[in-house]
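One letter stands for each residue in the lines below.
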Amino acid sequence: TLYFARSLVPIGAFEAPFYLVEMQTFGPGFDLQRYNAYERESDVLAGTYAIRRVSVLNIAKKIAGSGPDARRINIWQLSSAQNFKAWHNSPSFKKLAPVRAELFDLSKYLMMIVKNRGG
């Protein structure tokens, strides 16, 4: 699937070896105010595991393919595989699961670990 997206955060050089790409498809319970609060909480939580969001892309248009009608792509820099696992398995991350279920269509929500070609 091919998407056309515009950056909400300036895109810098991708220097770390691994990143998490999160593709969000909003669900019927999406609420912008609740989403913004969720994003702030997610950033703080990720920071405690030395994980940081390095880019935010709003998808302006789906150009081709049969992938989900996603609305946003977040790119997170991972400090290590161990920190990612600790973050993803943490009680605080799990506590946000009902909020994710409310905001996103989880049947189309994607999280992918990607490797920098230079790393």
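Here the structure is a predicted model, which means the values were calculated and not measured.

A. Region of the structure containing the pairing of strand S2 (residues 18-24). With six of seven residues buried, S2 is to be regarded as a mostly interior element. The pairing of S2 with strand S5 (residues 110-115) spans six bridges and is classified as antiparallel. Bridge pairing in S5 links Leu-20 to Ile-113. As paired strands, S2 and strand S4 (residues 72-77) are joined by six bridges and run antiparallel to one another. The partner of Tyr-19 across the bridge, within S4, is Gln-77.

B. Up close: the packing of aromatic side chains. Evaluation of the coordinates by the stated rule reveals ten aromatic pairs. Look at Phe-26 and Phe-104: their rings are 6.2 Å apart centre to centre, the planes differ by 25 degrees, and that puts the pair in the stacked class. Of the two residues, Phe-26 sits in the loop between S2 and helix H1 (32-47) while Phe-104 sits in the loop between helix H4 (97-103) and S5, which places them 78 residues apart along the sequence. A cation sits over an aromatic face here: Arg-100 above Phe-93, 4.0 Å from the ring centre.

The rules behind the values
- Residues numbered from 1 in each chain as written.
- Predicted model: local features only at pLDDT ≥ 70, side-chain atom pairs only at ≥ 80, totals over all residues.
- Heavy atoms only, no water.
- Buried < 20%, exposed > 50% of the residue type's maximum accessible area, 1.4 Å probe, protein only.
- Helix = DSSP H or I, 4+ residues; strand = E, 2+ residues; numbered from the N terminus.
- Pairing = 2+ DSSP bridges.
- Phe/Tyr/Trp six-rings, centres within 6.5 Å; stacked < 30°, edge-to-face > 60°.
- Lys NZ or Arg CZ within 6 Å of the ring centre and 35° of its normal.

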